[in-house]
Amino acid sequence: MFWQPTSLQEAVRLLADEGGILVAGGTDVFPALVDRPSPAGLIDLTRCAELKGIAIGADAIRIGAGSRWSEIARASLPRGLAALQAAAREVGSVQIQNSGTIGGNLCNASPAADGVPPLLALDAAIELVGPHGLRRLRVGDFVLGNRRTARAADEILSAVLIPRRLEAGGSAFLKLGARRYMVISIVMVAVTLVPGPDGRIADARVAVGAASAAAQRLGGLEARLIGTDPVGSAPADLVSAADVAGLSPIDDVRASAAYRLDAARELVGRAILQAWEAARA
Amino acid sequence: MTTVSMTVNGRQVSADVEDRTLLVDYLRNAISLTGTHVGCDTSQCGACVVHVDGRAVKSCTMLAVQAAGSSVTTIEGLATGDELHPVQAAFREHHGLQCGFCTPGMIMTAVDMIRRHGGQLDEATVRHELEGNICRCTGYHNIVKAILDAAAKMQMPAAAE
C-alpha cells in the first residue's frame, strides 16, 4: 500500500494505524533497494503542508523537515547558517539536492549524513510529532548511532529548529571524499564561532561526522578555543591529536581509521580558520 | 493497482500501475517513453534524469504516484518537431556522446543547469554540476564543450534585446 497524506495529523494517524515506512525525497529509501521492489507499506510525506517551508521566528529559525536541500541552499538565511547551506550544496548532486530532505537525512541517520555536523555546530533541535503530542530534542540527543535515532516508531520528525543566538557568528563546513561530489564522506567537519567584543572567540561549536557512529562535538577543543584568536595559526597547531582522540572512526573501503583521524584533525583546523574569517568579515 | 495521471511533455497521460512503480519505470513501460534510461538503479549515474515541476530529479528516486498530478519533461519533450533543442544540437555538433547511454540524462541536467544559471556558465560550474551524471565512455570533455556552447547560444537572444 501507498499513502499520501496531505496533513501531518493525517500522516501521524496513518503511521499509528497502518505502520509502514516513511518516505520523503526517497534518496535513501529507493537506492537502497537496488532492483528489489519497494517495501509494501509506504507513507509519502512530501504533500504534508506542515513539513514545508523555512521561517525565521523570534528565537529560532524553523526549517520544515520536508525542506529539500536545494531549498535550504537557496534560502536567504543569516550568515551563521553558512555551514548548513554549504552542506546542502554538497549532498549528493544537484538532482539529489532537488529531492532529498533535511528531515530524511536526520532520520536515516547515516554516520556520514551531511546535515548532522552543521546542525550540531548550530545547536539545533528537532521536533517530533506523534499520537501523544509533540516533543523537542537537541540533534545530539536525537541521532544516537549508525541508523539509530530517538524517534519512536509512531513519531514523525516535523521540523528542525536553529536557535538564533548563534546566527551572527561565522560558520564553515568542510567535507572530504574520494571525489568532490556524489561520494560518501570520509570525514566532514562543521564549525561555528562567535566573536566577542574583545575580538576573540566567545563561543565555539565544533562537530565531526563520518568519524564515529554518530557525528559528535569536540567539547574539549571548543572550551580551549574560547578567548583565543586563531588568526595566523596553522590548522595542525589549532587542533591536537588528543582533541580528536574521542572519535572512533572505522576502517573501510573508503579510508583507514588512522587516515580518518588525521583528516579530521586537519579539516577541523581549516574549518576553524574559515569560520573565524567569516565571523570577522 | 492505482491510476496514476500526470502531464508528460505537455500531454496528459494516465496508466494503471502498482503503487511501487518507480517514475522511470512508469515513463519507460507504462507510457512507452524509453528515452529516459536506467543505468544504476541506485541514484548515482544520472541516466534517468527528468524534470518534475521544473526540478531536475533522478526518476529512479521517486515513485510514479509521488509525481501524480505533476508536469514531467523527458528527453522526448525537448525538440520542437524536427528541430532539436539547442542543447541536443550542441551535443551533436560537439560530439558530446560516444555510446549515447548517459546522453538523455546529461542533456536533461544541462537544460536545467543552463536555465538556473541564465546561460551564465563557466567550465568549472558545468563540471561541478555534472557530478550527478556519469559517462562511462569518459566523454566528459566534449559534453562540457557542448553545454558551454549551448549556454552561450541560448543566452544570445536575451543579450540582443
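Because the structure is predicted, anything quoted here is derived from the model rather than measured. (Residues numbered from 1 in each chain as written. Chains lettered and ligands numbered in written order. Predicted model: local features only at pLDDT ≥ 70, side-chain atom pairs only at ≥ 80, totals over all residues. Heavy atoms only, no water.)

This paragraph deals with the layout of surface pockets. Over the atoms a probe the size of a water molecule is rolled, and this reveals where empty space is left. In this structure, the second largest pocket encloses a volume near 220 Å³. Lining the second largest pocket are 16 residues, and of these Thr-46 and Arg-68 of chain A together with Arg-55, Met-62 and Gln-66 of chain B sit closest to its centre. Tallying contributions element by element places strand 4 (residues 55-58) of chain B first for the lining of the second largest pocket, with three residues. Split into classes, the residues belonging to the lining of the second largest pocket amount to four nonpolar, six polar and six charged. (1 Å grid on protein atoms, 1.4 Å probe; cavity = no way out; pocket = protein on both sides within 12 Å on 5 of 7 lines; lining within 4 Å. Points joined across faces, edges and corners; volume = space filled by probe spheres on them. Helix = DSSP H or I, 4+ residues; strand = E, 2+ residues; numbered from the N terminus. Nonpolar A, V, L, I, M, F, W, Y, C, P; charged D, E, K, R; others polar.)

Turning our eyes to something else, we now look at the interface of chain A and chain B. At the interface, 30 residues of chain A touch 28 residues of chain B. Of the roughly 2300 Å² buried where chain A meets chain B, counting both sides, 55% is carbon and sulfur surface. Taken together, the connections running from chain A to chain B amount to zero salt bridges. Scanning the region where chain A abuts chain B turns up nine residue pairs in polar contact (both at pLDDT 80 or more). At the level of secondary structure, the elements contributing two or more residues to the side of chain A that touches chain B comprise strand 3 (42-44) and helix 4 (94-97) of chain A. No other element matches the three residues that helix 4 of chain A contributes to the side of chain A that touches chain B. Per-class residue counts for the side of chain A that touches chain B are 13 nonpolar, 10 polar and seven charged. (Contact = heavy atoms within 4.5 Å. Buried area = accessible area lost by both parts, 1.4 Å probe. Salt bridge = Lys/Arg side-chain N within 4 Å of Asp/Glu carboxyl O. Polar contact = N/O pair within 3.5 Å; in protein donor to acceptor, adjacent residues only side chain to side chain.)

The sites that UniProt annotates as "domain: FAD-binding PCMH-type" (unreviewed entry) are residues 1-167 of chain A. Across residues 1-167 of chain A, helical content stands at 27% and strand content at 25%; the span's end C-alpha atoms are separated by 43 Å. (UniProt positions renumbered as here; feature names shortened; annotations may be inferred.)

Here we come to the pattern of salt bridges. Scanning all chains against the criterion turns up 24 salt bridges over all chains. Ionic pairing is found between Glu-71 of chain A and Arg-68 of chain A, a salt bridge with its closest N-O pair at 3.5 Å. Residue class for Glu-71 of chain A comes out partly exposed when judged on its relative accessible area of 36%. With relative accessibility at 19%, the residue Arg-68 of chain A sits in the buried group. Of the charged contacts in the structure, one is a salt bridge between Lys-153 of chain B and Asp-149 of chain B, with a shortest N-O distance of 3.0 Å. Pair noted here: Lys-153 of chain B and Asp-149 of chain B are both in helix 5 (residues 140-160), with a separation of four residues, about one helical turn. Asp-149 of chain B gets classed as buried once you look at its relative accessible area, which sits at 19%. Three or more residues are tied together by salt bridges with common partners; here these are Asp-123, Arg-138, Arg-165, Asp-203, Arg-205, Arg-217 and Glu-222 of chain A. (Buried < 20%, exposed > 50% of the residue type's maximum accessible area, 1.4 Å probe, protein only.)

Take the domain arrangement of chain B next. Residue and element names in this part refer to chain B. According to the domain assignment, chain B contains domain 1 (2-75) and domain 2 (86-154). Residue-level contacts link 16 residues of domain 1 with 14 residues of domain 2. Of all residues in domain 1, His-37, His-51 and Ile-75 give up the largest surface area on contact with domain 2, accounting jointly for 40% of the area buried on that side. In this assembly, domain 1 and domain 2 are joined by zero salt bridges. Along the contact surface separating domain 1 from domain 2 lie six residue pairs in polar contact (both at pLDDT 80 or more). Among the residues making up the side of domain 1 that touches domain 2, the classes are represented as six nonpolar, nine polar and one charged. (Domains from an automatic or database assignment.)

Residues and elements named next belong to chain A. Read from one edge to the other, the open sheet built from five strands follows the order 4-5-10-6-7, with strand pairing classed as antiparallel. Each of the sheet's edge strands pairs with one partner strand only, and the pair in question is strand 4 (54-56) and strand 7 (133-138). Taken over all neighbouring pairs, the strand axes of this sheet differ in orientation by 20° on average, direction set aside. Two strands pair when backbone bridges link them, and strand 6 (residues 125-130) and strand 7 are joined in this way by six bridges, in the antiparallel orientation. Bridge pairing in strand 7 places Val-129 opposite Leu-134. (Pairing = 2+ DSSP bridges. Axes fitted to C-alpha atoms, helices over the stretch in contact; angles between N-to-C directions.)

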